[in-house]
Amino acid sequence: LYVYDEAGNTVGESTGYGSYECVRITQPGKYTVEAYAYLGASVYNLRIGRPGSAVGCENATDEAAPAAVQRLIALPTKRSSALAAPGDRQARPQAAAWVQLAGLRMDAQPSGVPTLIHLPDTQAARASGLQALRDSLGLPRPAPSNASARAPSVRKQLVAYGKLLRRSGQFAYVAPDRLVRTTGLVQPFPPDDPWYPEQRWHYEQINLPSAMGRLQALANPPTLRPIVAVIDSGIVSDHPDFIGQTVPGRTFFSTALTNGDLNSANPDDPTTADTPAELSTNFHGTHVAGTIAARTWDGTGAAGVAPMALLMPLRVFNPSRAQTSAYDVVNAMLYAAGLDNNSGLKPARRADVINMSLGSNSTCPDYYQATIQAVRQAGVVVVAAASNDARNDLGRAVAVGSPANCQGSVSVGALNVYRQQTFYSNSGPRLSLAAPGGDSTTSSTGTGEPDLIVSTIGVFSSSGKRVPSIGAMAGTSMASPHVAGVIALMKYVYPGLTPEMVDNWIAAGQLTDDVGSSGRDNATGMGLINARKAVDVALQAAGGGAGGGTAPKGEVMASPHALDFGSHIESLTFSLLTTAATDEVVQAVSVSSPMLAVSPQATNTATGLGTYQVRVDRSGLPSGASAFPEITVRTSLRTIKLSVTVVKGASSTANSRLPDYGQIYVVALDADTGKLIDLDLSTRGVAMRQGEYRWSFQTTEGRNMLLLAGADLDQNGYICDSGEPCGAFPLLSDQLSRVTVGANTGPLNFALAPMGTGGVEVKSVGTGGASVRRVGPVAVRRMLPAPQP
C-alpha cells in the first residue's frame, strides 16, 4: 500500500508481512493511494477514515508511539537458533544470517530465550539494510521519491525491520521494544490502551469514563478485587490483557469431545485447532472476558469495563462446536458459586458475578431455575444474554432465551450506537435492561468500520499457532459482559452487594438510563446500564460514599462522539447528555460547513440536552470526494467537537441505502439436512435495485431454514471469503438462527458487509506486533453450484 502527494513523492508505504496494511497521514492535502499486488491476486477492501481514526496503524508519519529507540525484541525459531556443527565453517544460524544481511546487531542468547536486535545509528544505514532485506525476500522496491520527500522516521524503520524479519520465517516474533510503566487498579480515562479509541463508543455509552472518575476520587480506594466467572469457551490465557487478571478456572465437559478433554483444571481455549483453522473457535469466551476485565492503562491491547476485577474462566464449549450440554453449564455455575458440583472441587474463593453469554430458545428449564436460585442464595449475581434471534414478537411463547429468561437472571438485550435496540436482539417481558452489543448496519466512528464491540480474542496462524489478538464482534453476548463488568464495579466499592439489591435497583431504574418508550419497555427493559449511576448507588449503600473523597460533577457529553454518513446516508442523530449531576448547559450548536444542517429533535429548551438530527447535502461535493466537517457544541463551561465523515460516491444516488456489491447470492438451507432449498436463487444471484437487494422464493410451510447471502468476487465457488460482502439472518455469527416458514414468512431483512466487519475482525497484539486477519463464521462457507452461462 503506497500513498503519494501531488508532486508524486512517497509519503507513506506499507509493504510488510500480514494481510492488513495501514498508512497514517498527518498533513492535510490531496493524495494518490495505490494498492499494489506484488504476488498473486486478492480481494482488496480499501477504507479511508476521518482524521484521527487510524487506530493501531504502525505505518505512521509521526513518532508518538511509546517504543524504545532503535531496538527490537525477537525470538529466533528453534531451527534458526541451532548452532553450526563443529568444524563446519560454512554453516551459520539462519536467523543470525538475516540480521547480518540487514546490517543489524543481535545480542547472543541461549536457544529459546528472547533477544534484542539493535538498529544502525544512521538513517542511510537503516535504509540500506531494509533494502537488502526487501531484495532478499523478493519484495518490490518502494516507489522512487525525490530529495524533497520526508525521510522515514526511526519508528517507521523500526516497524519495517520487524515486519521484514518476521517474513523471513526464521523468527517466532519480532516487534519493537516498548516502554512500560506501573499500573493501578483505577486511573484516569481515557486509558492509553491503543485499541480504546475503537471501544470508546460503547464505553462512553454506558458512562464508564465518569464512573472511573468517581472511583478515582475516592480518598480510600478499596483493595478487595471482585471475581467474575465467565462461563463460555475458555480464554486465551497468555493474552497480554489477561496478565494478573485471572484466578484459576476449569473446563466442564461431561463427555469426551474431539480433543478428549473431560473435566480438568485447564480453562484455556486450545493452543492448536482440532480442525483446520477456518473451522476453529472464534474465541468467544476470550472476547467476553476482555470486555469485563481486560488489563487497562498498560499501553497495550484493549481496555475492560472493570479492570480491578478478576476473571474466573470456566470453559463449557469445545472449538468448532457452537453447542454444549446444559449439564456442563449447570455444573460450571455451581462451581463458580462455591457449591457442590460434578468435579468434586470448589474454588478457593467463589465468584461474585457470573456472566453467561449463551442460551437457547426455550422456556426456563427446572435445572437452570433451581441452579440460579442456589447460586443467588450463595450471594452471586447472575447475568445472561437475551440471545440473537430477533425474536421481538411478544405473541410467541419465548422471546428472551434461557437461561436469561429464568427468574433471578439479569437478562441483557443489545443496543446500537444510537441507543436503540439492535435488529437482532431478543426482547420481551423478561428483559431486565440493555447494553451496547454492536451493529454491523451502522458506522459512526469515521473509520469506515461498523460499530462493533472491540475486545480481546485469538487467531490461529497458518502453522496452527495461537496468537493473542484484538477482535470486533456483535451480539447480546457482547452486551451482557458490559453489565457484568458494571456489577463488578459496584461490588468493588460495596462488598456487601447482594443479588436482591441489584434486582431492586434495576426495577427502580436506579442503574439505567431510560431509552426507547418511557419507563419499562419490552425492547430495552429498564433501559441502558449506566456505570456512573451504578457506582453512585453502590457507594451510597456502602455508607454515604464509602472511601471518602468528593464526587466529581458531571459534564455534558455527545453520544455518539462522531458521525459517519458514508456515501449513502442522508440523516443521522446524536444526543447531548450529562454524565452525572451538573450545572453545565448547552448554549449553542453550530456546523463548520453548509453541507450540514443540525436541528433539535427532542430537546430540553432550558438545558439544550436531548436529541439532534443532522442532515447532509452532498450536492457541493465533487464525485468521489470525501469531506470531514465538524459539529461544535458550546456549553456554559467548554466546547465539544463532533467529527463528521461524508463521502460522495462516483454514482451516489439519493435513494441508495447500500453500497452496490454487484451480484449477491442468497442461500436458503434446510436447517435439518443442510441442503439448498432454492437452487435457482443461489445460482443466478440478485442484483441491486433502488438501493437494496430484493429476493423471494417459495417453500413448504413448517420447514426450518437458515438464510445467508454474499458475493463471490474472486469467482472460486465460495461466497463470504475474506473481503467479500456477507450477511445472514438475523445476525452473521458462528451459529445461524433457524427460521420456521409460515404461510407468508417475511420480510427477512439482514445486512451485508465485507467479511472482517460482519464477522470477526482480528487485530493481533502482544509480542507478535500488530496486524489484521479477517476471520468469518464457517457456516457461510458453502460451495455454490457452478454459475450457468
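All values reported here derive from a predicted model rather than from experimental measurement.

(A) Region of interest: the nonpolar core. Grouped together as the largest cluster of nonpolar side chains are 103 residues, with contacts concentrated most on L215 and L489. In terms of residues, this core owes the most to one element, helix α10 (residues 476–493), which gives 11 residues. Core analysis: the next-biggest nonpolar cluster, separate from the first, contains 33 residues, A229, L310, A337 and Y368 among them.

(B) Inspection of helix α11 (residues 499–507) at higher detail. Turning to α11, its buried residues number three or more, namely P499, V502, W505 and I506. Angular distribution of buried residues about the axis of α11 spans 130 degrees; they occupy a single face of the element. Away from its buried face by more than 90 degrees, α11 exposes N504 and A507. One or two residues past the end of α11 sits G509, with phi positive at roughly 75 degrees.

(C) Representation of the environment of T524 within the structure. Its place among the elements puts T524 in the loop between β17 (512–513) and β18 (528–529). Measuring from C-alpha to C-alpha, the distance between T524 and A414 comes to 7.9 Å, with 110 residues separating the pair along the chain. Contacts of T524, omitting those with residues within four sequence positions, involve L415, L431, L433, A434 and V515.

(D) Geometry of the state of the cysteines. A full pass over the atoms with the stated rule returns one disulfide. With its sulfur 2.0 Å from that of its partner, C364 forms a disulfide with C406. Between C364 and C406, the S-S dihedral sits near 100 degrees, and the bridge is therefore right-handed. Taken as a pair, C364 in the loop between β11 (353–356) and α9 (366–377) and C406 in the loop between β12 (381–385) and β13 (409–415) lie far apart in primary sequence, 42 residues in all. Taking the relative accessible area as the measure of exposure, C364 reaches 22% and is therefore partly exposed.

(E) Looking closely at the pattern of salt bridges. In the structure shown here, the tally under the stated rule is 18 salt bridges. A salt bridge links D107 to R105; its shortest N-O distance comes to 3.5 Å. One salt bridge in this structure joins E500 and R376, with 3.8 Å as the shortest N-O distance. Taken as a pair, E500 in helix α11 and R376 in helix α9 lie far apart in primary sequence, 124 residues in all. Under the relative-accessibility criterion, E500 is labelled partly exposed at 41%. In the salt-bridge network here, residues are joined through shared partners; they are R349, R350, D352 and K491.

(F) Just the pairing of strand β16 (residues 466–473), in detail. Taking burial as the measure, the eight residues of β16 include seven buried ones, the bulk of the element. Two elements, strand β15 (residues 453–460) and β16, share eight bridges in a ladder whose sense is antiparallel. Bridge assignment links S455 to a residue of β16, and that residue is G471.

(G) Just helix α5 (residues 196–205), in detail. Within α5, eight of the 10 residues are buried, leaving the element largely enclosed by the surrounding structure. Taken together, the buried positions of α5 are occupied by Y196, E198, Q199, W201, H202, Y203, E204 and Q205.

(H) Broad picture of the sheet that holds strand β24 (residues 610–616). In spatial order, the strands read β19-β21-β24-β23; together these four strands make up an open sheet with antiparallel pairing. Every other strand in the sheet has two partners, leaving β19 (556–559) and β23 (596–603) as the edge strands with one partner each. The average angle at which neighbouring strand axes cross in this sheet is 25 degrees, direction not considered. Sheet analysis places β19 next to strand β21 (residues 571–578), joined by four bridges and oriented antiparallel.

(I) Molecular detail of the side chain of D328. With respect to the helices and strands, D328 occurs in helix α8 (residues 326–336). When its relative accessible area of 3% is taken as the criterion, D328 is described as buried. Ignoring anything within four residues of it in the chain, the contact list for D328 reads F252, F253, S254 and V316.

(J) Here's a closer look at the packing of helix α6 (residues 208–216) against α10. One way to put it is that α6 packs onto α10 with a least axis distance of 12 Å and a crossing angle of 10 degrees. Taken together, the axes of α6 and α10 lie roughly parallel to each other. Along the contact surface, α6 presents L208, M212 and L215, while α10 presents L489, Y492 and V493. Across the contact of α6 with α10, the residue classes break down as six nonpolar, no polar and no charged.

(K) Main features of the packing of aromatic side chains. One pass over the full model with this rule turns up eight aromatic pairs. Each ring, one from F423 and one from Y424, has its centre 5.3 Å from the other, and the planes form 85 degrees; the classification is edge-to-face. Of the residues examined, F423 reaches a relative accessible area of 26% and is grouped as partly exposed. Judged by relative accessible area, Y424 falls into the buried class, the value being 0%. Note on F574 and Y612: the rings are 5.4 Å apart at their centroids and 10 degrees apart in plane angle, and the pair reads as stacked. Here Y612 lies in strand β24 and F574 lies in strand β21, a separation of 38 residues in the sequence. Among the aromatic side chains, those forming a connected cluster through ring pairs are F189, Y196, Y203 and W297.

(L) Spatial organisation of the side chain of N207. Structurally, N207 is set in the loop between α5 and α6. A polar atom in the side chain of N207 sits 3.2 Å from the side chain of N530. Setting aside anything within four residues of it in sequence, one finds N207 in contact with N530, A531, R532, M557 and T579.

(M) Expanded view of the pairing of strand β30 (residues 725–728). Residues P725 and G727 point to one face of β30 and C726 and A728 to the other, with burial holding for every one of them. Sheet topology note: the strand β29 (residues 704–710)/β30 ladder contains three bridges and is antiparallel. Note on β30: the bridge partner recorded for L708 is A728. Here β30 pairs with strand β32 (residues 753–754) via two bridges, running antiparallel. Bridge assignment links P725 to a residue of β32, and that residue is P754.

(N) Looking closely at a nonpolar patch on the surface. Together, V33, Y44, L46 and I48 line one region of the surface with nonpolar side chains, adding up to about 380 Å² of accessible area. Residue position: V33 is located in strand β3 (residues 32–34).

Reading guide: rules and limits
- Residues numbered from 1 in each chain as written.
- Predicted model: local features only at pLDDT ≥ 70, side-chain atom pairs only at ≥ 80, totals over all residues.
- Heavy atoms only, no water.
- Core = buried A, V, L, I, M, F, W, Y, C linked by side-chain atoms within 4.5 Å.
- Buried < 20%, exposed > 50% of the residue type's maximum accessible area, 1.4 Å probe, protein only.
- Helix = DSSP H or I, 4+ residues; strand = E, 2+ residues; numbered from the N terminus.
- Arc of directions from axis to C-beta.
- Contact = heavy atoms within 4.5 Å.
- Disulfide = S-S within 2.5 Å.
- Salt bridge = Lys/Arg side-chain N within 4 Å of Asp/Glu carboxyl O.
- Pairing = 2+ DSSP bridges.
- Axes fitted to C-alpha atoms, helices over the stretch in contact; angles between N-to-C directions.
- Parallel < 35°, antiparallel > 145°, perpendicular 65-115°, else oblique.
- Nonpolar A, V, L, I, M, F, W, Y, C, P; charged D, E, K, R; others polar.
- Phe/Tyr/Trp six-rings, centres within 6.5 Å; stacked < 30°, edge-to-face > 60°.
- Polar contact = N/O pair within 3.5 Å; in protein donor to acceptor, adjacent residues only side chain to side chain.
- Patch = residues over 30% accessible without salt bridge, like charges linked within 9 Å, V, L, I, M, F, W, Y side chains within 5 Å.
- Areas by Shrake-Rupley, 256 points an atom, 1.4 Å probe, with all protein chains shown as cover.

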